[in-house]
Structures are given as C-alpha cells and as structure tokens.
Amino acid sequence: MTTLPDSLKGKLVTPGDGRYATLRSTYTTRHSPAGVLLPRTPQQVVDAVRYARDRGLPVAVRSGGHGLAGTSSNDGGLVIDLSGLNRVDVLDERSRLVRVEAGARWATVAKTLAPYGLAISSGDHGNVGVGGLATGGGVGWLVRRFGLTIDRVRAVEVVLADGTLIRADAEHEPELFWVVRGAGAGVGVVVAFEIEAEEIRNVGLAQLAVEATPDGAPVRQWAEYLAQAPRELSSAAVLLPYGRTTVMQITAVVAAESLRRARPLIEPLLAIGRLLDHRTDLVPYPALVPTSHLHANVGQQPSLSTNSLLTMDDAAARAITRAAGGPQRALVQLRSVGGAVNDVLPTATAYPHRHQDTLAVGSVFPPQGGAALDAAWRGIAARSDGAYVNFESRPDRAAFDRIYPGETGRRVAELWRRYDPDGVFRPALLGAARGRVGDRRR
C-alpha cells in the first residue's frame with residue numbers, strides 16, 4: 001500500500017473518524033468513499049493527486065459538494081475535498097482582480113468582497129463551492145449585466161493528473177485555459193482562480209408571484225421582456241403547483257444603487273399575469289448569497305435534474321408550464337441569460353451557448369425517477385438548443401452532446417484526453433449514451 005505523504009498526515013478521513021459522516025456525501029447523493037483527503041495548500045493537492053493515483057482507486061474532486069450529479073464523492077474511492085483551500089484575496093483594487101481558491105463558498109466570497117465595494121456574479125446560492133461553478137459556467141444574479149462567472153476568469157491554477165501544478169491564462173497554456181472555462185472537470189483539479197470582479201454594493205431586489213396560465217403567456221412575456229430589457233436586470237423564476245393552478249414565483253435583481261433606478265426596470269414584470277404578491281427592496285449584494293446558506297452536504301436532497309437552453313417562443317412557454325402543472329409535476333426553474341453572456345464568441349470558451357435567452361431546469365424528487373422527469377421534459381427537450389453542465393444530474397454521452405455540441409465537443413474531448421490521458425478525472429459525460437427521451441443527437 002502506498003504510504004501517505006507526510007504533508008497529508010492527519011488529513012485523511014476514513015470510516016470510523018468522527019468527521020466522516022459530514023464528508024462522505026454530496027448535496028444530492030449519499031456515498032461511502034474509502035477516504036477523504038483534506039489538503040490545505042496547492043502543494044498538498046499535488047501530493048493528494050499523486051497519492052490517489054498511486055493507490056489506483058477512483059478519484060472524485062469536491063469544492064462544495066453541491067453538484068446535482070453527485071460526482072464530487074464516490075463509493076470505495078478517494079475524495080479530494082478542497083474545503084481547506086478557501087482564501088479570498090483582492091490582488092489589485094484598481095483592476096478589481098481577485099484570487100479565489102476553489103474550496104471557498106460563494107457566500108464567503110461575497111462577504112469578503114463587500115467592504116471593497118466589489119462582487120462576482122456567481123450563481124444563486126451561497127453554499128455552492130467556487131470550483132465546480134467557476135469551471136462549468138456560472139449563471140448568477142448579475143448574469144445579463146456581467147456575463148457568466150467563467151467570462152470574468154483571467155487565470156487559473158490547475159493540478160494535472162500527473163501532479164504538475166500549472167498556471168494558465170490567455171497567453172500561457174491557452175488551450176488549458178480555454179477548456180477550464182466550461183469543461184474544467186475533465187482536465188485536473190483547479191485550485192484557484194483569478195477573477196475580475198465588478199464594482200457594485202447594492203442591488204434592487206424584487207420578489208413577485210403571478211398566476212402561470214396553461215397557455216404559457218406569463219412565461220413567454222417574462223422571457224420576452226428580459227430579452228429586451230436593460231442589462232442591469234437579471235431574473236429567475238420557479239413554477240410551482242398551487243391547487244388547480246400553477247404559480248410563477250419571480251425574483252428580479254437590478255444592478256443599481258438606488259430604488260429610483262431599479263423600480264422602472266421591475267415594473268413591467270408586474271403586468272405579465274395576474275399578480276398575486278410582490279415586494280421590492282434595495283439590499284447589499286451579499287444578501288443574495290448570504291452566509292446563512294452555509295451548511296454541510298450529507299445527501300439531504302435526493303433528486304434528478306435536467307435542463308435546456310432555449311430561445312423562448314409560444315411552444316416552449318406552453319411546454320414549460322405543462323411540465324410544472326401536468327401529471328408528472330416537475331419542479332421547473334427558469335433563469336435569464338442573454339445580455340452580456342451573448343457578447344462572448346461561442347468559440348471563446350468551452351461554454352458555446354451564446355445566443356439563447358433562457359435556461360430552464362427541471363427536477364423531480366423521490367419517489368419519482370428518471371422516467372417521470374423524461375416524460376415531464378419531453379416538450380421542452382423538443383425546443384432545446386443546448387444544455388448547461390452544472391444542472392444535469394445524469395452525465396452520459398447524450399448529455400455531453402447537448403452540453404458541448406459539434407466542434408466544441410470534439411475539442412473538449414481531445415483536451416480532456418491530452419491533459420488526463422489515463423482518465424484519472426474523466427467525467428462520466430464521455431460514457432455511453434442512455435438514450436433519454438428528447439435527446440437531440442448531433
């Protein structure tokens with residue numbers, strides 16, 4: 001048996017250790033790994049990768065454990081848990097350059113940057129780890145104004161499968177830098193990011209509820225308004241069954257420092273359907289991803305999720321409303337994209353989806369399973385024009401082809417094999433397709 005390096009002594013948690021119960025699982029899935037390694041420095045990550053390789057066991061990498069696929073742990077293998085790499089440092093206030101380690105949570109990032117008047121658009125939940133989100137995309141509360149999280153990444157530090165630590169940016173290791181922004185899970189362990197933050201302290205926050213009629217009109221009107229609204233406005237919505245009807249709960253965020261500027265952007269949303277309730281406030285940016293979100297992930301939310309990127313039309317809006325209110329009753333979440341997201345060329349990063357205006361996410365919960373999710377999502381899948389890796393809980397080749405279509409997929413697969421030829425970190429996305437309902441092959 002390979003000897004544990006001195007640098008990792010006391011940092012290997014195995015069954016029987018009191019810490020194991022809170023480290024074994026992810027947010028959606030209970031697991032039983034042989035051990036969990038807890039490095040605290042990039043060099044210790046190097047040692048952890050070499051140790052895991054030498055042991056010949058399956059390797060999972062975890063930044064926060066919030067990934068819906070549950071792949072940041074495993075059964076019988078080793079988990080490299082990055083929670084000890086959680087520093088957040090402002091490198092240069094003038095250029096707003098921030099170094100964020102991969103194990104930090106976004107609530108902590110927002111709290112640390114707030115005194116500088118800075119923020120990073122970074123998803124919608126404070127407990128999500130930096131690493132998983134910032135290598136997949138990052139659809140945050142300021143997405144239409146500032147783009148995806150990956151669009152603000154200026155450099156990365158990566159431990160490759162052979163234990164090499166590399167810093168990559170647009171001029172040094174550009175191919176590695178390209179693939180990390182959108183498909184980073186297949187090349188190694190990203191331990192830190194240099195991100196260009198934005199100057200923002202307060203945001204307008206509106207929360208409202210409207211009736212989602214079966215004809216899909218409120219969903220379509222929501223997307224149509226967001227598609228042409230000022231970029232300061234971003235929004236998310238959840239469709240929930242309510243008696244015999246469906247309610248659309250909308251959250252709207254305006255990158256503005258006063259309610260006087262925020263309210264005019266929010267007011268058109270109040271007219272998209274029968275208004276049930278609404279409230280508008282001015283809040284500090286960290287209130288959107290608060291530290292109250294922080295918690296351990298112990299498999300507490302078993303679920304299955306899938307998603308579709310699309311350009312909203314009448315048929316898509318009706319299918320989305322039907323998925324939420326039909327017999328399968330999937331939980332449907334919507335997020336606005338477009339705006340600054342679509343300023344970036346499709347070839348600039350490994351996230352190629354730069355023309356759609358809406359991200360739709362569907363989830364089911366036990367006892368419902370994959371068949372129920374596929375049935376609920378069939379109409380939406382027919383309108384789908386792509387997918388986002390971080391909201392797919394069944395990673396396989398069919399999902400890969402939707403997430404990384406065409407030339408992007410060929411380039412991603414080639415780079416995964418180049419940087420990890422032995423498949424130490426190879427995602428299940430390169431496995432066999434399961435042929436789920438609605439998959440559009442390319």
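Conventions and cut-offs
- Residues numbered from 1 in each chain as written.
- Predicted model: local features only at pLDDT ≥ 70, side-chain atom pairs only at ≥ 80, totals over all residues.
- Heavy atoms only, no water.
- UniProt positions renumbered as here; feature names shortened; annotations may be inferred.
- Buried < 20%, exposed > 50% of the residue type's maximum accessible area, 1.4 Å probe, protein only.
- Helix = DSSP H or I, 4+ residues; strand = E, 2+ residues; numbered from the N terminus.
- Pairing = 2+ DSSP bridges.
- Phe/Tyr/Trp six-rings, centres within 6.5 Å; stacked < 30°, edge-to-face > 60°.
- Domains from an automatic or database assignment.
- Contact = heavy atoms within 4.5 Å.
- Buried area = accessible area lost by both parts, 1.4 Å probe.
- Salt bridge = Lys/Arg side-chain N within 4 Å of Asp/Glu carboxyl O.
- Polar contact = N/O pair within 3.5 Å; in protein donor to acceptor, adjacent residues only side chain to side chain.
- Axes fitted to C-alpha atoms, helices over the stretch in contact; angles between N-to-C directions.

Under an unreviewed UniProt entry, the name given to the protein chain is FAD-binding oxidoreductase, and the source organism is Micromonospora musae. What the UniProt record of the protein chain gives under Cofactor (unreviewed entry) is the line "FAD". Looking at the protein chain in UniProt, the text filed under Sequence similarities (unreviewed entry) is "Belongs to the oxygen-dependent FAD-linked oxidoreductase family."

**Student:** Please explain the pairing of strand E6 (residues 97–101) as it appears in this structure.
**Tutor:** Two faces belong to every sheet, and in a regular strand the side chains alternate between them. Most of E6 sits out of view: four of its five residues are buried. Of the strand pairs in this sheet, strand E5 (residues 88–92) and E6 are connected by four bridges, and their pairing is antiparallel. By the bridge assignment for E6, aspartate 89 is matched with arginine 99. From the end of E5 to the start of E6, which pair antiparallel, there are four residues, and arginine 96 there has a positive phi angle of about 65 degrees. Note that E6 and strand E10 (residues 188–196) share five bridges and pair antiparallel. Residue arginine 99 lies in a different strand from E10, and its bridge partner there is glutamate 194.

**Student:** Looking at this structure, I do not really get the packing of aromatic side chains. What am I missing?
**Tutor:** Geometrically, a pair of aromatic rings is defined through the distance of the ring centres and the angle of the planes. Considering all chains together, one arrives at five aromatic pairs under this definition. With a centroid separation of 6.2 Å and an interplanar angle of 85 degrees, the aromatic rings of tyrosine 404 and tryptophan 416 are classed as edge-to-face. With tyrosine 404 in the loop between helix H10 (397–403) and helix H11 (406–419) and tryptophan 416 in helix H11, this residue pair connects regions lying 12 residues apart in the sequence. You can call tyrosine 404 buried: its relative accessible area is 3%. A relative accessible area of 1% places tryptophan 416 in the buried class.

**Student:** Just checking my understanding: could you explain the domain arrangement of the protein chain for this structure?
**Tutor:** It is common to report an interface's size as the accessible area lost on association of the parts. Assigned domains of the protein chain: these are domain 1 (8–81), domain 2 (88–199) and domain 3 (202–290 + 299–399). The straight-line distance from the C-alpha centre of domain 2 to that of domain 3 is 24 Å. On the side of domain 3, 36 residues touch domain 2, which itself brings 33 residues to the contact. With both chains or domains summed, domain 2 and domain 3 bury close to 2,600 Å², and 61% of this area falls on carbon and sulfur atoms. For the domain 2 face of the interface with domain 3, the top three residues by lost area are Val139, Trp141 and Arg144, together amounting to 36%. Connecting domain 2 to domain 3 are three salt bridges. Here arginine 335 ties to aspartate 124 by a salt bridge, and the two come within 2.3 Å at their closest N and O atoms. The tally of links from domain 2 across to domain 3 stands at 17 residue pairs in polar contact (both at pLDDT 80 or more). Those elements that place two or more of their residues in the side of domain 2 that touches domain 3 are helix H2 (106–113), helix H3 (130–136), helix H4 (143–146) and helix H5 (174–183).

**Student:** Explanation requested: the pattern of salt bridges in the structure shown.
**Tutor:** Opposite charge on two side chains makes pairing possible when the charged atoms of those side chains draw close. For the structure shown, the criterion picks out 28 salt bridges. Beyond isolated ion pairs, a larger network of salt bridges with shared partners links Arg96, Arg152, Arg154, Glu196 and Glu198.

**Student:** What is the right way to look at the UniProt feature "domain: FAD-binding PCMH-type" (unreviewed entry) in the protein chain in this model?
**Tutor:** Following the UniProt record, the feature "domain: FAD-binding PCMH-type" (unreviewed entry) maps to residues 29–200 here. Within residues 29–200, the helical portion is 25% and the strand portion 27%, while the C-alpha atoms at the span's ends are 36 Å from each other.

**Student:** Please explain the sheet that holds E10 as it appears in this structure.
**Tutor:** Two orientations exist for strands paired in a sheet by backbone hydrogen bonds: parallel and antiparallel. Pairing is antiparallel across the open sheet formed by five strands, whose spatial order is E5-E6-E10-E8-E9. The open sheet is flanked by E5 and strand E9 (165–169), the only strands paired with a single partner. With strand direction ignored, the average angle separating the axes of adjacent strands in the sheet is 20 degrees. Helix H1 (residues 42–55) rests against E6, strand E8 (153–160), E9 and E10 of the sheet, and its axis sits at about 40 degrees to E8.

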